[in-house]
Amino acid sequence: QVQLVESGGGLVQAGGSLMLSCAASGRTFSSYRMGWFRQATGKEREFVAAITWSGGSTNYADSVKGRFTISRDTAKNTAYLQMNSLKPEDTAVYYCAVRQSAGLYTTPKYWNNWGQGTQVTVSS
């Protein structure tokens, strides 16, 4: 059973930065994909970024390209999301997810396991 625990959320002013972490446990992740999604109040969950466990491939939503960076530390079984130049519209609960099969899909239903989420609030 895969377990994912997010941390690093909080309140930040527009233009600021936060780094989210996702600690994974329970399985060997050498062939897994890690992703970040977010869900704002009253909206559907949307894709943010994803990375292969090798780190060789990444995928980003257009809305965060150039501002967010996804990375992973294989020794720590942890994925990260560095968020810079934050905007009020980035306010949401951020979730990490694991996908066991190939592909950095942007649709939530193709991801197998989810964390509980961490709140990010960006004030204007």
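Predicted model, so just to flag it, every value in this text is computed and none were measured. (Residues numbered from 1 in each chain as written. Predicted model: local features only at pLDDT ≥ 70, side-chain atom pairs only at ≥ 80, totals over all residues. Heavy atoms only, no water.)

1. Observations regarding the packing of aromatic side chains
Counted by the stated rule, this structure contains 4 aromatic pairs. Taken together, a centroid distance of 5.6 Å and an interplanar angle of 75° make the contact between phenylalanine 37 and phenylalanine 47 edge-to-face. Of the two residues, phenylalanine 37 sits in strand β4 (residues 33-39) while phenylalanine 47 sits in strand β5 (residues 46-52), which places them 10 residues apart along the sequence. Accessibility classification places phenylalanine 37 together with phenylalanine 47 in one group, the buried group. When the centroid spacing of 5.0 Å and the interplanar angle of 45° are considered together, the rings of tyrosine 105 and tyrosine 110 count as tilted. You can call tyrosine 105 partly exposed: its relative accessible area is 38%. The cationic tip of arginine 45 hangs over the ring face of tyrosine 95; the distance from NZ or CZ to the ring centre is 3.7 Å. Across the ring face of tryptophan 114, the terminal group of arginine 45 is positioned such that the distance to the ring centre comes to 4.7 Å. (Phe/Tyr/Trp six-rings, centres within 6.5 Å; stacked < 30°, edge-to-face > 60°. Helix = DSSP H or I, 4+ residues; strand = E, 2+ residues; numbered from the N terminus. Buried < 20%, exposed > 50% of the residue type's maximum accessible area, 1.4 Å probe, protein only. Lys NZ or Arg CZ within 6 Å of the ring centre and 35° of its normal.)

2. Side note on the pattern of salt bridges
Applying the stated criterion to the full structure yields 4 salt bridges. Linking arginine 38 and aspartate 90 is a salt bridge whose minimum nitrogen-to-oxygen distance equals 2.9 Å. Here arginine 38, found in strand β4, pairs with aspartate 90, found in the loop between β8 (78-83) and β9 (92-99); they are 52 residues apart in sequence, far enough to count as distant. There is no split in this pair, since arginine 38 and aspartate 90 are both buried. Among the salt bridges present, the one from lysine 65 reaches aspartate 62, with a minimum N-O distance of 3.2 Å. Exposure remark for aspartate 62: the relative accessible area of 66% places this residue in the exposed category. Linked through salt bridges whose partners overlap, the residues forming this network are Arg38, Glu46, Arg67 and Asp90. (Salt bridge = Lys/Arg side-chain N within 4 Å of Asp/Glu carboxyl O.)

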